[in-house]
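# What the coordinates show
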Amino acid sequence: MHDPTAAISVRDLQMSYGDHVVLDGVSFSVTTGEVVALLGPNGAGKTTTIEVLEGFRQPSAGSVSVLGADPLTAGEHWRADIGVVLQSWRDHARWRVGELLDHFGRFYAPYATADRPRPYPVDELLHMVGLAEQGRSKVISLSGGQRRRLDVAIGIVGRPRLLFLDEPTVGFDPMARRDFHDVVHRLSDLEGTSILLTTHDLSEAEKLADRILILNNGAIVADGSAEQLARDVAGTTEVRWTTDGQRHVHTTDDGTAFVRQLFEQYGDTVSDLEVRRASLEDTYLAMVADSAIVAAERIGS
Amino acid sequence: MSAARTALVTGARRGAIEFRNSLQTPSDIGYYIIGNLIFIVIAVLNRDAVIDGTALPTMLFIFPGILAMQLAFTSTYGLATLISTEREDGTLLRAKSLPNGMTGYVFGQVTRTGLEFFFSAVILFVASTILIAGVWGNGAVAFVALLGLLVLGLLSAIPLGIVFGSIFKNPRSVGGWGFFVIAGIVVISGLFFPITGLPIWAQVIGQVFPLYWLGLGLRSVILPDSAVVVEIGESWRTLETLGVLGVWAVVGLLLAPVLLRRMARRESGSSVEARRQTALQRV
């Protein structure tokens, strides 16, 4: 059974194309108002997961509930509550930025409620994503980063209850990235929007998300806040030292106990001691490297 | 306003904005100019010609044919190309992500196609008034009937454009095959010479498609009654014309939404991304 109060609830989601298994039993949930990052290397199944939740793809097996409905059969009311940030390419190139937002916004007007006025006023929206100067520009004249901000604006023009962001900051410069983070915080803090975003960038997930799900090879391998993950996933400590000119490396779960024992055993002969707790980043990078090797082998075979 | 009505009104606005955008794009304006320039050149060159064995000016016979062909190309070939282009570039996926977005998209395409065709038609009307003597000889009622036929023609052809646009995978294949198919249909539809001059098998195939009937209907309101002698059975067959165009319109309007929904169901960000990668590699 799905928790009816959850914004997203996924149980044992499976997806395969022929023999190729993309998702192998993914389960997680997102509570209302929560910002969750789906983190993982390329090819981990992030986009497939998000497309199933958006109702754009039919899963091979498993059950999915988004805002209390099955995305494949939910109606237009449900669609009005969902915001999707798509990657633009060359669609609507001849449209003016402000006109395009106004046009898309009109579809949401019949779904306005007292607590959720729809659509977002275009000027406010342009200001929020940093395109106030470009309202009258044609879409084709925007830079890559500006276009991406327009994608974000289109995704939130209907003031969604739940927002999906697939790799939102690819191609952003650091400034645009910070502005975008402000937008996400504003949406979740002031509007109570639940947000699910995918990224392969750990630092972005740490900055934005209340909770991080790490997806690797089609399965969730870690689920928790950045602090929890740092404790649970990382956990291990690496100790390096030298005795009698000989260099040693040892990995342990309890660095303090190991070092105490080390000194008890070898005393003054221990030198060049280094104790380093593996960070979440180390663990994640190791994971990315593993899947890069797997991918390289797949291409090579 | 109900959500469905909002989608229709917003879709119509969309069509109007896209038409305006088209008028602001040099390549599109060039297309309008060249298309109509060809007609003007033909009209000037043939101003004194008559159809063999009759006193009927050739241009008076060709004018309805040009109108019908223009309609067929704009609302079938042009629309199909645009829909498959917009599927490839993600426009359709955006429509799908909006509440009632597909309704708005389809209504926008219908509006834009109608505006584009009537824009060209007005240019043709003006040019033919100047260049073809007696072109409006049948009076005001005939002109209203002409406009009505053009609307019926659009209703029978636009769903075909939507169907072809949703069948072909990308605009390149519409461009290749679609062009030859439509050009072939134009030839066997007797738009520029009497269909009775074609072999019987070609006449039979020609009469299956709505284009022959649109051409016949337009000739019946533009040409003098005496011109009926070059038609099949020496009759304008008005009831048959309305019947065949009506059947095509109804079948198309029933079929088009089903095919569009089927096409839209398969759209996702990654399928757009995959096509984007293929298209970029080709460039």
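Residues numbered from 1 in each chain as written. Chains lettered and ligands numbered in written order. Predicted model: local features only at pLDDT ≥ 70, side-chain atom pairs only at ≥ 80, totals over all residues.

## Here we look at the overall build of chain A
- Along its length, chain A carries 10 helices and 12 strands.
- Principal axes of the C-alpha set define a box for chain A whose edges measure 75 × 45 × 45 Å.
- When contacts within chain A are restricted to residue pairs at least 6 apart in sequence, long-range pairs at least 24 apart make up 67% of them. (Helix = DSSP H or I, 4+ residues; strand = E, 2+ residues; numbered from the N terminus. Contact = placed C-beta atoms within 7 Å.)

## So, the overall build of chain B
- A count of helical and extended segments in chain B gives 11 helices and zero strands.
- Counted from the first residue to the last, chain B has its helices and strands arranged as α-α-α-α-α-α-α-α-α-α-α.
- A compact globule built from 283 residues should have a C-alpha radius of gyration of about 19 Å, and chain B, at 20 Å, falls within 12% of that.
- Among the 283 residues that make up chain B, the fraction classed as buried is 45%.
- The contacts in chain B between residues at least 6 apart in sequence include a share of 81% that link residues at least 24 apart. (Rg over C-alpha atoms; globule rule 2.2 N^0.38 Å. Buried ≥ 20, exposed ≤ 12 C-beta atoms within 10 Å, placed from the backbone.)

## A short note on the sheet that holds strand E9 (residues 219-224) of chain A
All names here are of chain A.
- Across the sheet, which stays open at both edges, the six strands sit in the order E5-E6-E7-E3-E8-E9 with mixed pairing between neighbours. The sheet terminates laterally at strand E5 (82-85) and E9, the two strands that pair on one side only. This sheet shows a mean twist of 15 degrees between the axes of neighbouring strands, independent of strand direction.
- As judged from the five bridges shared by strand E3 (residues 35-39) and strand E7 (residues 194-199), these two strands associate in the parallel manner. Bridge assignment links Leu-39 to a residue of E7, and that residue is Thr-199.
- Along the sheet, helix H1 (residues 46-53) contacts E3, strand E6 (162-166), E7 and strand E8 (211-216); its crossing angle with E7, the most-contacted strand, is approximately 150 degrees.
- Those strands touched by helix H6 (residues 174-190) are E3, E6 and E7, and its axis lies near 150 degrees from that of E7. (Pairing = 2+ DSSP bridges. Axes fitted to C-alpha atoms, helices over the stretch in contact; angles between N-to-C directions.)

## Regarding the environment of Leu208(A)
All names here are of chain A.
- Examined against the element boundaries, Leu-208 turns out to sit in helix H7 (residues 202-208).
- Leu-208 gets classed as buried once you count the C-beta atoms within 10 Å, which come to 23.
- Between the alpha carbons of Leu-208 and Ser-88 there is a distance of 23 Å; along the sequence they are 120 residues apart.
- Apart from residues no more than four positions distant in its own chain, Leu-208 is found in contact with Val-35, Ala-37, His-181, Val-184 and Leu-197.

## Thoughts on the confidence of the model for chain A
- Residues of chain A with pLDDT of at least 70 account for 95%, and the chain-wide mean is 88.
- For chain A, per-element mean pLDDT is lowest for helix H10 (residues 280-300) of chain A, which scores 68, and highest for helix H3 (residues 97-106) of chain A, which scores 98. (pLDDT = per-residue confidence, 0-100.)

## Points about the packing of helix H9 (residues 210-222) of chain B against helix H10 (residues 238-265) of chain B
Residues and elements named next belong to chain B.
- For the pair H9 and H10, interaxial distance at closest approach is 9 Å and the crossing angle is 140 degrees. By the criterion of interaxial angle, the relationship of H9 to H10 is oblique. For the crossing formed where H9 meets H10, the hand is left-handed. Along the contact surface, H9 presents Pro-210, Trp-213, Leu-214, Leu-216, Gly-217 and Ser-220, while H10 presents Thr-238, Thr-241, Val-244, Leu-245 and Trp-248. (Parallel < 35°, antiparallel > 145°, perpendicular 65-115°, else oblique. Left-handed = near helix turned anticlockwise from the far one by under 90°.)

## Details of unusual backbone geometry
Residues and elements named next belong to chain A.
- Of note, the amide linkage connecting Arg-118 to Pro-119 takes the cis form, showing an omega dihedral of -10 degrees.
- You can see Pro-119 is positioned in the loop between H3 and helix H4 (122-128).
- At Asp-272, a residue that is not glycine, the phi angle is positive and equals roughly 50 degrees.
- Inspection of the secondary structure assignment puts Asp-272 in strand E12 (residues 270-277).

## Focus: the interface of chain B and chain A
- Contacts between the two partners involve 29 residues from chain B and, on the opposite side, 27 residues from chain A.
- Mapped by element, the contributors of at least two residues to the side of chain B that touches chain A are helix H1 (3-23), helix H4 (91-96), helix H5 (101-131) and helix H11 (269-282) of chain B.
- In terms of residue count, the dominant contributor to the side of chain B that touches chain A is H1(B) (seven residues).
- Looking at the side of chain B that touches chain A residue by residue, the classes come out as eight nonpolar, 14 polar and seven charged. (Nonpolar A, V, L, I, M, F, W, Y, C, P; charged D, E, K, R; others polar.)

## Looking at the nonpolar core
- Ranked by internal contacts, the top residues of the largest apolar core, which has 133 residues, are Ala153(A) and Leu196(A).
- The element contributing the most residues to this core is helix H3 (residues 58-88) of chain B, with 16 residues.
- Every residue in contact with Leu196(A), bar those within four places of it in the chain, is listed here: Ile8(A), Val30(A), Val36(A), Leu38(A), Ile50(A), Leu53(A) and Phe164(A). (Core = buried A, V, L, I, M, F, W, Y, C linked by C-beta atoms within 7 Å.)

## Comments concerning the pairing of strand E1 (residues 6-17) of chain A
Residues and elements named next belong to chain A.
- Pairing of E1 with strand E2 (residues 20-31), which is carried by nine bridges, proceeds in the antiparallel orientation. From the neighbouring strand, Met-15 faces E2, where its bridge partner is Leu-23.
- The antiparallel hairpin formed by E1 and E2 contains two residues in its connecting segment, where Gly-18 sits at a positive phi of about 65 degrees.
- The pairing of E1 with strand E4 (residues 61-66) spans five bridges and is classified as antiparallel. Across the sheet, Gln-14 pairs through a bridge with Ala-61, a residue of E4.

## Quick notes on the sheet that holds E2(A)
Residues and elements named next belong to chain A.
- The strand order across the open sheet built from three strands is E2-E1-E4, with neighbouring strands paired in antiparallel fashion. With one partner strand each, in any of the chains shown, E2 and E4 form the two edges of the open sheet. Averaged over all neighbouring strand pairs, the angle between strand axes comes to 15 degrees, with direction disregarded.
- Against the sheet, H1 touches E1, E2 and E4, its axis set at about 120 degrees to E1.

## Focus on the packing of H3(B) against H9(B)
Residues and elements named next belong to chain B.
- Packing of H3 against H9 leaves a shortest axis separation of 9 Å and a crossing angle of 140 degrees. In terms of axis orientation, H3 runs oblique to H9. As for the relative orientation of H3 and H9, their crossing is right-handed in sense. Counting all contacts with H3, which are made through Leu-60, Phe-63, Pro-64, Gly-65, Leu-67, Ala-68, Leu-71 and Ala-72, the residues of H9 involved are Leu-211, Leu-214, Gly-215, Leu-218, Arg-219 and Ile-222.

## Re the confidence of the model for chain B
- Considering every residue of chain B, the mean pLDDT works out to 89; 99% of them sit at 70 or more.
- Across the whole predicted complex the pTM is 0.87, and at the interface the ipTM reaches 0.89.

## Things to note about helix H9 (residues 255-266) of chain A
- Taking 1.5 Å per residue, 12 residues should reach 16 Å; H9(A) reaches 16 Å between its end C-alpha atoms and fits that length.
- Once H9(A) finishes, Gly267(A) follows within two positions and takes phi at roughly 50 degrees, a positive value. (Expected span 1.5 Å × (residues − 1).)

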